[in-house]
Each structure stands twice: as C-alpha cells, then as structure tokens.
Amino acid sequence: MALTDAPHLAARRLADLSDRAMRSARTGEANAAAGDGIDVVAPATDERIGSVPACDAAAVDAAVDRSRTAQTAWEETPVAERTAVVDRFGDLVLGHREELLDVLQVETGKSRRTAVEELFDVPTGCSFLANEAEAVLGPERRRAAVPGATTATVTYDPVGVVGVISPWNYPLTLSMADALPALVAGNAVVLKPDEKTPYGALALEELLEVAGLPDGVFQVVTGEGPTVGPALIDRVDYVAFTGSTETGRVVAERAGRNLIDCSLELGSNNPLVVLGDADVDETARGAVQACFSNAGQLCLAAERIYVVDSAYDAFLEAFVRETERLSLGTGYDYDADLGSLIDADQLDRVESRVDEAREAGATLLTGGSHRPDIGPFCYEPTVLTDVDPDSTLAREETFGPVVSVTPVPDADAAVAAANDSPYGLNASVWTSDRARGAAIAREIDCGTVNVNDGFLATWGATDAPMGGFGDSGLGRRHGPEGIRRFVEPRTVGVSRVGPLAFPDRIPTEWFVRGAFAAISLGRKASRGARRLKKRIGLQR
Ligand code: NAD
C-alpha cells in the first residue's frame, strides 16, 4: 500500500490537499499562521506521505469566526435546499469512490474491503437526511397548556457553529455521521480530524464545496488534539466528539465549563453472546466479522465472546477455523480481509495486552504474532481462552484483532457477564430463536444490540439512534436523535384569551375552586382516555 502504487490517486493529489489545509489554516481576519507541519505516515509501509498544518488556537479562532459569518446565511437557506446539497454530496462521494478508497487505505492502512464498507456508509447517511431531515426539523404542534385557549408550537433553530472532533479508525464515516446532520440542521461545522488521518476529511471538504455548500460553512482544521481540541471547544456552540473514553472525559469537562452541549461516542469492549441453540457454523462466520472488521479497530467490534456450555466446543472449533481463514494484507485489491494497525503505539498496545493475558494463564488458540513480513504494524487475528475476567484484556478496550472466548452455564450467566463492564456501546446475541434473541438483547446494557449479526443490523439502520451506555458515551448519532442534538428547540405559546392569570372579575376564591375542579376533571378524563386507548389497542 505504498502511495506510489495507489491505482486511482494521482501523485500530486495529497500535496494539493495539504495546500488546501494550509489555505484554511490561514483564512479569516486574524490571518492566523499555522505552526510547523504534522507529518502523515502510511501505516502499511511506514512511509511519510505528506504533511498538514499544525494549527494553533489563533487559527481555530479565525476558522470559527469565518464559520460564524457563513452560518447566518446558511441558516436562512430552506431545509430542502440544505438537504439537496447533502444529497448531491452523496452522489459525488459515490462518483469519486475509487480515489477516496485509495486515500482511505493509504492513510489508515485498512483493507480495501473495510474501506468500501466505510465509504458506502457516507451516501447511505446522505439518503437518510435527504428523506427525513425536513420532517424532523419542521415546526411541531404540541399539547396546549389550556386546550382551546392556547397553542404550543416548537421550532428548531440551529445551535450555530458545531465542532466535530473525529478519530482515525473510520475517518470518513465518523466525521460525516456528525457533520452532515449538523449542516442539514442549519449549522456551520468546523471539523478537526485525527492528526494521523487528515486527507479523507480534506477530500470530503472539497466535495462538499463542489456539491454547492457555501464557502466557510464547512471547514477542516488540522492539528494536534490537545491544541486544536480545547481551542475549538472554547469557541463553538456544540461539540460532537468521537474517540477514546479518556479524551471524552476531558472534552465533556471543557464543554461543561463552557455550558455547551456535547455528544460523546467513546470506547467499549463489546460482548458477543452465543446461546446453546445457535447454528455454530453461521455464528462463527458472523463472529469473525464482528470481531475482526478493520483489524478490530472498530468501536463496535466484539472483544469478549460468551458461549453457553452446550455450544462451546463446537463453536470454538468453528470460530478458530474461520479466524484462520482470514487473510492479512496491505494491497489495493480486494484480497485481504484485514489490513494494518494504525501505528507502532497501537501495535504495542495489542502485543502487550496479549502477552499480559498469556502470562496470567490465558491459552492462545490462534494468531498472537506481529507480522512485519506483511506490514510494519500488521498483527494476526488472535483468539484466546482462559482469560482472567479481571485482566486488562477482559475489562478494557484493546481496539485490535484480539478476542477472548469464555464458556458460561446458561443465557442468564451470559447476560450477567456481558453486563459486567463499565462500557455499553454494542453487543450481539446469536441464536436460532430470533424472538428469544431479541428478548435477551433487551437485557444487555448497550446502546445497540444485534441479533444474529455483529453490528451492521443496528449501525446500518440509519433511522435508529446509535450511541453508548455508561463509559461509552453520551448522546446519540443517527435517526431523528442524531439531527435534533444540533438544534435549540424554541417553544412558542399563543393565548387566544389574553393573559392566563387570575381573572379580575371573578373572586379569587371562586376561581381557585373552579380551577381545581377543572384540573381534577381533566385528570379523570385523560385517565379514562388512556384506559380506553389501551383497551382498544391504540396504546400499550
Ligand atoms: P483519541 O481520543 O485519542 O482521539 C480522538 C480525537 O480526539 C482525535 O482527533 C484527537 O486528535 C482528539 N484529541 C486528542 N486530545 C484531545 C483533547 N485534549 N481535546 C480534544 N480533542 C482531543 O481516540 P483515538 O485513539 O484516536 O480513537 C480510538 C478510540 O475512539 C477508541 O477508544 C474507540 O473505541 C473510539 N471510537 C468510538 C466510536 C464510537 O462511535 N463510540 C467510534 C470510533 C472510535
């Protein structure tokens, strides 16, 4: 996956994108200077592929000022026109897919299969917004304070400028899953991509411009997280963060001090539950995808598998067999299942977790080796059993191609083990009884739980909210919830009868007695209506 071998990426392209980042860093009245550049490295070869500006706080200020100016006109643009821009952007992403796939692969080291999954997610999100945003953002009549005498209408105004801070593992998807709904809601967006993967974001900034997004409404500011992140949080009106739980706490603290709202999509060590009646071969194939997609560098990936005793031996055999079928590679073709890890730190983290677990008695069934013959940071898909439930591997997120498999006596024990974690992002349940699977899914404390699928059944349902319980974060992306986080609801109440105060012409005591009677009557009437609705099946 050397840059020069990329089949659809012209030699000068990354340099042009670096120039774009440099221009953005210098825009605005302050004409802020970017600091020294940050080298970007291709993980598959460890070669330097370019450099982008290390923006400072002044550059962030200038970018946010520019966005603030651009946002006022964007907010006045009808929602239908805003979604039309996003819809055109979806087409452009599809049209430029081969080049974007090359950019993604070269800066992340992921396999082309994983890159395709990531890329297709962007137009899918655009379609959801094109179909639903107008309905979600339109004015809504709500129940009146005094029915007949007053009305209550809610309108949704954009919060203003949204800061999006995204990670390196899915640089296109995880930037756009926040930026696009924010834009459609009438906000301007300043995106800070991870310093390791800025080029995908810069390529998308260009396509948004081509799609017709006015100048300044979406900007990418490159730089180091601890410099650009806090500067951005201090200037924007909302922050949508995706990254580690550790950084998420820092972001939340700063957002709290500024009294701005935030969504935090954080880490997890997700459980996968195999019930006794599961089809072991199909489950093993699905589990391999659930655990090793993007070489396990996926926030939704399963890291802990719990198998009910009666299925344990057969599942384990099938799972190890399927894992051993996976291929590692760093080519631009579709041959490899897994690509490289992102860098040396990530490789160290994976290796040390596996070594620690083995020293504490874990059994290695397959994998467990660094593969520098394939790429400097490649690591084999690894399956462990007998992992100490209190070990770091069992309790913390590894974020690599490593999974532990543990037998449990029954479904209740599997649910208890799955829930024994401070995290709660994603889980899956595998069974031939789908109804029972769905019932068990509702007992697992995670924001998304899939039955007979690893994560796509929920992540791909773009109309449904996605996010974490506990240490996995706050707020939700996708669905109406993913759009509404970027607006300020304003309720307008109109009285047809003048001010709702104690009337002058009736003695107060009479009025209070009448008001109590009306309230009691109203409560009785609504209770009766509720019961009736339940009886005729209109309400559960
Ligand atoms: P990270 O927290 O180190 O970095 C994420 C982003 O935060 C980067 O852009 C980084 O530059 C920025 N950042 C760093 N320090 C900052 C600071 N002080 N203030 C503001 N921003 C700062 O995370 P990472 O290691 O790059 O990403 C991997 C983590 O992300 C994993 O834990 C993974 O589970 C999580 N993740 C979660 C989801 C989800 O949807 N829940 C999705 C993908 C990744």
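Values in this document were obtained by computation on a predicted structure and should not be read as measured data.

Draft legend 1. Quick peek at a positive patch on the surface. Taken together, the side chains of Arg 523, Lys 524, Arg 527, Arg 530, Arg 531, Lys 534 and Arg 535 present a region of like positive charge at the surface. Residue position: Arg 531 is located in helix α18 (residues 508–535).

Draft legend 2. Broad picture of the packing of helix α5 (residues 112–137) against helix α6 (residues 173–184). Remark: α5 packs on α6, axes separated minimally by 10 Å, with the N-to-C direction vectors making an angle of 20°. Comparing the axis directions of α5 and α6 gives the class roughly parallel. Handedness of the crossing formed by α5 with α6: right-handed. When α5 is examined against α6, the residues Glu 118, Asp 121, Val 122, Cys 126, Leu 129, Ala 133 and Leu 137 are found in contact with a partner set consisting of Thr 173, Met 176, Leu 180, Pro 181 and Val 184. Grouping the amino acids of the contact of α5 with α6 by side-chain chemistry returns 9 nonpolar, 1 polar and 2 charged.

Draft legend 3. A look at unusual backbone geometry. Positive phi, normally seen in glycine, also occurs at Asp 386, with a value near 55°. Residue class for Asp 386 comes out exposed when judged on its relative accessible area of 51%. Positive phi, normally seen in glycine, also occurs at Phe 399, with a value near 65°. Among the structural elements, Phe 399 can be located in the loop between α13 (392–395) and β14 (402–408). On the accessibility criterion, Phe 399 (11% relative accessible area) is buried.

Draft legend 4. Region of the structure containing the state of the cysteines. Considering all chains together, one arrives at 0 disulfides under this definition. Here Cys 262 is not disulfide-linked; the sulfur of Cys 299 is the nearest cysteine sulfur, at 17 Å. The buried category is assigned to Cys 299, whose relative accessible area is 15%.

Draft legend 5. Focus on the packing of aromatic side chains. Applying the stated criterion across every chain, the model contains 5 aromatic pairs. With a centroid separation of 6.3 Å and 10° between ring planes, the pair formed by Phe 292 and Phe 319 is classed as stacked. On the criterion of sequence distance, the pair formed by Phe 292 in helix α10 (residues 280–292) and Phe 319 in helix α11 (residues 309–325) is long-range, its members being 27 residues apart. Residue Phe 292 shares its accessibility class with Phe 319, and that shared class is buried. Here Phe 315 and Phe 319 contribute two aromatic rings whose centre-to-centre distance is 5.3 Å and whose plane-to-plane angle is 15°, an arrangement assigned as stacked. Here Phe 319 and Phe 315 lie together in helix α11, a separation of 4 residues that amounts to about one turn. Here the aromatic cluster, defined as three or more aromatic residues joined through ring pairs, consists of Phe 292, Phe 315 and Phe 319. Lys 110 extends its terminal NZ or CZ atom over the ring of Tyr 170, reaching a point 3.7 Å from the ring centre.

Draft legend 6. Spotlight on empty space enclosed by the protein. All told, the structure shown has 1 cavity of 30 Å³ or more when counted by the stated rule. Quantified by volume, the largest cavity comes out at close to 170 Å³. Lining the largest cavity are 15 residues, and of these Gly 125, Met 176, Ala 177, Pro 181 and His 478 lie nearest its centre. Looking at the lining of the largest cavity, the elements with two or more residues in it are α5, α6 and α17 (479–484).

Draft legend 7. Broad picture of the sheet that holds β14. Taking strand neighbours across the sheet as the criterion, the 7 strands line up as β12-β13-β14-β11-β10-β16-β17 in an open arrangement whose pairing is mixed. The strands lining the two open edges of the sheet, one partner per strand, are β12 (363–366) and β17 (448–451). Geometrically, the sheet is characterised by an average inter-axis angle of 25° between neighbouring strands, direction not taken into account. Inspection of the sheet shows strand β13 (residues 382–385) paired to β14 by 4 bridges, in the parallel sense. Along β14, the bridge assignment pairs Thr 385 with Val 405.

Draft legend 8. Spotlight on α6. The end-to-end C-alpha separation of α6 is 16 Å, in line with the 16 Å expected for 12 residues at 1.5 Å each. Buried residues dominate α6, accounting for 12 of its 12 residues. Considered for burial, the residues of α6 that qualify are Thr 173, Leu 174, Ser 175, Met 176, Ala 177, Asp 178, Ala 179, Leu 180, Pro 181, Ala 182, Leu 183 and Val 184.

Draft legend 9. Structural context of the UniProt feature "domain: Aldehyde dehydrogenase" (unreviewed entry) in the protein chain. Feature annotation in UniProt places "domain: Aldehyde dehydrogenase" (unreviewed entry) on residues 36–492, given in this structure's numbering. Within residues 36–492, the helical portion is 44% and the strand portion 21%, while the C-alpha atoms at the span's ends are 50 Å from each other.

Calculation rules
Residues numbered from 1 in each chain as written. Predicted model: local features only at pLDDT ≥ 70, side-chain atom pairs only at ≥ 80, totals over all residues. Heavy atoms only, no water. Patch = residues over 30% accessible without salt bridge, like charges linked within 9 Å, V, L, I, M, F, W, Y side chains within 5 Å. Areas by Shrake-Rupley, 256 points an atom, 1.4 Å probe, with all protein chains shown as cover. Salt bridge = Lys/Arg side-chain N within 4 Å of Asp/Glu carboxyl O. Lys, Arg positive; Asp, Glu negative; His and termini not counted. Charge placed at Lys NZ, Arg CZ, Asp CG, Glu CD. Helix = DSSP H or I, 4+ residues; strand = E, 2+ residues; numbered from the N terminus. Axes fitted to C-alpha atoms, helices over the stretch in contact; angles between N-to-C directions. Parallel < 35°, antiparallel > 145°, perpendicular 65-115°, else oblique. Left-handed = near helix turned anticlockwise from the far one by under 90°. Contact = heavy atoms within 4.5 Å. Nonpolar A, V, L, I, M, F, W, Y, C, P; charged D, E, K, R; others polar. Buried < 20%, exposed > 50% of the residue type's maximum accessible area, 1.4 Å probe, protein only. Disulfide = S-S within 2.5 Å. Phe/Tyr/Trp six-rings, centres within 6.5 Å; stacked < 30°, edge-to-face > 60°. Lys NZ or Arg CZ within 6 Å of the ring centre and 35° of its normal. 1 Å grid on protein atoms, 1.4 Å probe; cavity = no way out; pocket = protein on both sides within 12 Å on 5 of 7 lines; lining within 4 Å. Points joined across faces, edges and corners; volume = space filled by probe spheres on them. Pairing = 2+ DSSP bridges. Expected span 1.5 Å × (residues − 1). UniProt positions renumbered as here; feature names shortened; annotations may be inferred.

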